[in-house]
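# Working through the structure, step by step
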There are 2 protein chains.
Amino acid sequence: MSEQRAGMSRRRAITLAGVGVAGVAGVAAGTTALVRGADHASAGEVVAGSVPFHGEHQAGITTPAQDRLHFVAFDVITKDRAKLVAMLQEWTAAAARMTAGKDAGLIGAVDGVPEAPPDDTGEALGLPPSQLTLTVGFGPTLFRDAQGKDRFGIADKRPAALADLPHFAGDALRPEISGGDICVQACANDPQVAVHAIRNLARIGMGVVSVRWSQLGFGRTSSTSRDQATPRNLFGFKDGTANLKAEDAGLLREQLWAQPGDGADWMTGGSYLVSRKIRMLIETWDRSPLAEQEMIVGRTKGSGAPLGRKAEFDEPDFAARADDGQPVIAETAHVRLAHPSMNNGAHLLRRGYNFVDGSDGLGRLDAGLFFIAYQRDPRKQFVPIQTRLARNDAMNEYLRHVSSAIFACPPGVRDAADWWGRTLFS
Amino acid sequence: MSEQRAGMSRRRAITLAGVGVAGVAGVAAGTTALVRGADHASAGEVVAGSVPFHGEHQAGITTPAQDRLHFVAFDVITKDRAKLVAMLQEWTAAAARMTAGKDAGLIGAVDGVPEAPPDDTGEALGLPPSQLTLTVGFGPTLFRDAQGKDRFGIADKRPAALADLPHFAGDALRPEISGGDICVQACANDPQVAVHAIRNLARIGMGVVSVRWSQLGFGRTSSTSRDQATPRNLFGFKDGTANLKAEDAGLLREQLWAQPGDGADWMTGGSYLVSRKIRMLIETWDRSPLAEQEMIVGRTKGSGAPLGRKAEFDEPDFAARADDGQPVIAETAHVRLAHPSMNNGAHLLRRGYNFVDGSDGLGRLDAGLFFIAYQRDPRKQFVPIQTRLARNDAMNEYLRHVSSAIFACPPGVRDAADWWGRTLFS
């Protein structure tokens, strides 16, 4: 911890009882200064509008996709394993509080330390939990540095599935917004709540981690539950119709969650996250005729039905041919190339968001899709699918992949004594 | 118009009956391809969840501040006044439709022109109006270019109140994200709806305007109606407590709307917009003790009450002194320096939004306030207030002004035959 943080140790000593974080809610009841809406909940209690933090799997994966995203990748700047572990424990306590609609910790000038900064930045005071979820992941560089050195004594725990992604045809990656040692995905139905959470984790991590890159997203581009309507991406098409969904128990076991025997026991119940920031050349797209757009996607723009079928959830008929003998769904159509039946049955649980990052200085909006996909093993899922898409997808003319990252997201935090990364660091 | 747009003339001829845009809704009823949620409304009819587009003043000023923003500044790239006017008329028709929850125009392959691009980009299909407002403004550079040349025969109509802003102490403006010939402020309660609107105006304006810069915002930082609770900015403080509000009829006349005799008749009923992108050094702020933060702002963080008072809306007592003889509200406190009583009674109607534009490459979030203020005359309102703040505000240590712009927002569009800029160009 930095010197600055050392000054907070008295209060930290109260909130963090050794390794465990039990009693946080109890202590919080002692402060009356500045509290978020739902401060009276105790650990484990479900607050209205909140998503339970504890469980077998991390929340924010099969949780019905919220509408807003703040995603951050951190570099770890300490060499001290104990500091890293202590921060992960503090993060876990803060995450449990914030996802329940509370502040990040004790707040304001409490217990006689008026000169210390507040324990919460305050901009979410009074806001409800807004279905906030916080999902953590560990990148390949956390295990070994660029010189191959074991950074924190965990190199031999790096899962084979956490392999660096290969270069894909057409990749135009910017290293400064790619990769990262640790990621946190904050999803909520209020962007202020998602931003508040990431900001407070960054603040707690001062001296231990540094923000490498971060991304805001609006408008989910996938459904992760059959209760949700399929949203539209910035090409104007429904996106994620064939996504893995929370109700597909068998497929989730087979395609989403790391299983015993997969090769890294600490990841059992976890999942691998691939993120790709995909700039869409929307001005060019907007000049394409509707028929061409639909041919590229392989679906109709209005209903989302596969070409030649009637309704969104009808199965695409890849064998169908038009009167002229041409396939109804083109060989280069996105829906064909990405479909599980064309990829050895490989599915992804996609959880992407639209983004607009202002403009690009060339008179165009800097907009697109921040793609996020969860899976059991990227070597068998994202990598072969993206290899195929990168080579043949007719959509590539309108896309630029500018950022890429992969993270191993551990299993869920079981209870108030558990913490993010325990299975990796214990 | 560009060549590409020439191919759309047949459909345009139907939707745009000469200068007027009457009959748009009637024609729209003829298409069944792709329509937004509320396609059945006719012109002037109020759709649930929509803000009326026509009126004495433009919507989006005293309209209760929506929660999301997409603001864009365009450069005009044509020299042809007729093309500029035609685009403003098309924009007006599209804005009337989109604010009513409809698509930007006819959509899809209608009336036998299947090779033409769709008339709407589609990503807002099925979404409700979401209180979308679109507010247009004209910048100083639209009247004369940098060489002083009259660009569109309107140089003599430039209002004296549309003066270039002076340099303020501490300004660190980036020219590429400052200024602009025309601005459009899109506010909505769904960012997808705001982004969709700006994108479709940019698409309609192809060959006439080019995006100079654009900014997304989330989380309004002001209330513009007494029915709204005061929100918090990224310093964690309530912002906009003393804002001009829709209910203050007398003050609005005196402080917000341009009046007959103000010197530019075409602006009567309009208002002047100043935008400032203000980066907040939130990591530094987060390390400041609560007491220091409150001294800088002049209000308590929790309730928003002025220091020494009890409730948010209590009037600040600038004369009060503590036992040690020091002012309860510091001489350099933000609330003191910005208060109307310290600025010859000058008020602003603020309508700013929080922003997070990822990170800055130095381990910090690129975050802050996109400040927007409307007023009757910036020379008597924003300029003197900001001059005082720039010199003395204790908050400056945590702020960087990186973008600045000023626009004259004309009066409202009266009816379906009226259009954005008519009073300026007719």
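Labelled according to an unreviewed UniProt entry, chain A appears under the name Deferrochelatase, originating from Micromonospora auratinigra. You can read under Subcellular location (unreviewed entry) in the UniProt record for chain A the words "Cell envelope".

Note on the copies: chain B fits chain A at an RMSD of 0.0 Å, the axial shift is 0.0 Å, and the rotation between them is 180°. Those values place the two copies in the arrangement expected of a two-fold rotation axis. By C-alpha distance to the rotation axis, the residue of chain B lying nearest is B:D357, at 3.3 Å. A share of 100% of the interface residues of chain B reappears at the interface of chain A, consistent with the copies meeting face to face through the same patch.

Before going further, it helps to examine the packing of aromatic side chains. Residue and element names in this part refer to chain B. The tally for this structure, following the rule as stated, stands at 30 aromatic pairs over all chains. The interplanar angle of 45° and the centroid separation of 5.2 Å between the aromatic rings of F74 and W91 together place this pair among those described as tilted. Residue F74 is located in strand β1 (residues 68-76), and its partner W91 is located in helix α4 (residues 81-99); the two are separated by 17 residues in the primary sequence. Plain terms: the ring middles of F143 and W266 are 6.2 Å apart, the flat faces sit at 35° to each other, and that makes the pair tilted. Linking F143 in the loop between β2 (133-138) and β3 (182-188) with W266 in the loop between α6 (249-255) and β5 (271-280), this pair joins segments that are 123 residues apart in sequence.

Residue and element names in this part refer to chain B. Here strand β4 (residues 209-220) lies mainly inside the structure; 10 of its 12 residues are buried. Direction of pairing for β1 relative to β4: antiparallel, over a ladder of 9 bridges. The partner of F74 across the bridge, within β4, is V211. The pairing of β4 with strand β7 (residues 353-359) spans 2 bridges and is antiparallel. Paired with F218 across the bridge in β7 is N354.

Before going further, it helps to spend a moment on helix α10 (residues 382-392) of chain B. Residue and element names in this part refer to chain B. Among the residues of α10, those classed as buried are F382, V383, I385, Q386, L389 and A390. Projected down its long axis, α10 carries its buried residues within an arc of 160°, all on one side. Summarising the contacts, the buried residues of α10 are in contact with β5, α9 (334-338), β8 (365-375) and β9 (399-409).

What counts and how
Here the residue index of a chain counts from 1 through its sequence in written order. Think of it this way: whatever chain is written first is A, whatever ligand is written first is 1, and the rest follow in order. Reporting in this predicted model follows two pLDDT cut-offs: at least 70 for local features of residues, and 80 or more for side-chain atom pairs to be given and counted; totals over whole chains, interfaces and linings ignore these cut-offs and use all residues. Side-chain numbers come from the whole structure's heavy atoms, not from hydrogens or water. UniProt positions are given in the numbering used here, feature names are shortened, and annotations may be inferred rather than shown by experiment. We place the copies in one frame by least squares, fitting the C-alpha atoms of every residue whose pLDDT is at least 70 in both. Here, two residues are considered to be in contact whenever any of their heavy atoms come within 4.5 Å of each other. Whether two aromatic rings pair depends on their centres lying within 6.5 Å, for rings of Phe, Tyr and Trp, where Trp uses its six-membered ring; planes under 30 degrees apart make the pair stacked, over 60 edge-to-face, and the rest tilted. Helix and strand definitions follow DSSP, with helices as H or I runs of at least four residues and strands as E runs of at least two, each counted in order from the N terminus. Remark: exposure states derive from per-residue accessible area (1.4 Å probe, protein chains only) relative to the maximum for the residue type, with buried under 20%, exposed over 50%, and partly exposed in between. Here, any two strands with at least 2 DSSP bridges between them count as paired. Directions from the helix axis toward the C-beta atoms define the arc.

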